[in-house]
Amino acid sequence: MNQWPGIITAMSTVEDGTMRLPLEGEADGGAGENRRKFLAKFGFTPEHMASAGLRHRAVVDVVGKDDGGKMFGEADGLVTNVPGMVLSV
């Protein structure tokens, strides 16, 4: 039984390919297409996803309705109350 009705939790595996977000100026190595395919399995697009940069601090950002496709480069965690928003770390 799902403890949180309406919330999907998922984790990519090696079969999904790299999901690594490239550093500034670095090629993505196919990660963008891999993320697109992974999200499509659940009915989402990259424009539905906000990502945390993971700086290993205590920063949690609030994701709003206009933040789809955004990278929160200083965040270690993300929260939202926006239906259909995908949060990625």
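Per chain, residue numbering runs from 1 following the sequence as it is written. Residue-level local features of this predicted model are given only where pLDDT is at least 70; pairs of side-chain atoms are given and counted only at 80 or more, and the full residue set underlies all totals for whole chains, interfaces and linings. Think of the side-chain values as coming from all heavy atoms in the structure, minus any hydrogens and water.

Draft legend 1. Broad picture of the pairing of strand S1 (residues 49–52). With burial as the criterion, each face of S1 is covered, one bearing Met49 and Ser51 and the other bearing Ala50 and Ala52. A pair of strands is considered paired only if DSSP assigns at least 2 bridges between the two. Numbering of helices and strands runs from the N terminus; a helix is a DSSP stretch of H or I covering at least four residues, while a strand is a stretch of E covering at least two. Here S1 pairs with strand S5 (residues 86–88) via 3 bridges, running parallel. Bridge pairing in S5 places Ala50 opposite Leu87. In terms of strand pairing, S1 meets strand S3 (residues 71–72) through 2 bridges, oriented parallel. Residue pairing across strands places Ser51 opposite Met71, the latter belonging to S3. Using a 1.4 Å probe on the protein chains alone, a residue whose accessible area is under 20% of its type maximum counts as buried, one over 50% counts as exposed, and one in between counts as partly exposed.

Draft legend 2. Molecular detail of the layout of surface pockets. Of the pockets and cavities examined, the largest pocket occupies roughly 1100 Å³. Lining residues are those with an atom within 4 Å of a point, where the points come from a 1 Å grid over the protein atoms alone and group into cavities, where a 1.4 Å probe fits but cannot get out, or pockets, open sets with protein on both sides within 12 Å along at least five of seven lines. Lining the largest pocket we find 34 residues, and of these Met49, Val86, Leu87, Ser88 and Val89 sit closest to its centre. For the lining of the largest pocket, the secondary-structure elements that each account for two or more residues are helix H1 (31–40), S1 and S5. Charged residues are taken to be Asp, Glu, Lys and Arg, nonpolar residues to be Ala, Val, Leu, Ile, Met, Phe, Trp, Tyr, Cys and Pro, and polar residues to be all remaining types, Gly included. In terms of residue class, the lining of the largest pocket is made up of 22 nonpolar, 8 polar and 4 charged. Grid points are joined across faces, edges and corners, and a volume is the space filled by probe spheres set on the points.

Draft legend 3. Region of interest: the sheet that holds S5. Here we have 3 strands laid out as an open sheet, ordered S3-S1-S5, and parallel in their pairing. One side of each edge strand has no neighbouring strand; the edge strands of this open sheet are S3 and S5.

Draft legend 4. Expanded view of the packing of aromatic side chains. When the centres of two rings from Phe, Tyr and Trp lie within 6.5 Å, Trp using its six-membered ring, the rings pair. Their planes under 30 degrees apart give stacked, over 60 give edge-to-face, and anything left gives tilted. Here the structure, examined in full by the defined rule, presents 1 aromatic pair. Between Phe38 and Phe42, the aromatic rings sit 5.3 Å apart at their centres with planes inclined by 65°, giving edge-to-face as the arrangement. Looking at Phe38, the relative accessible area reads 14%, which means it is buried. Among the residues examined, Phe42 registers a relative accessible area of 34% and is labelled partly exposed.

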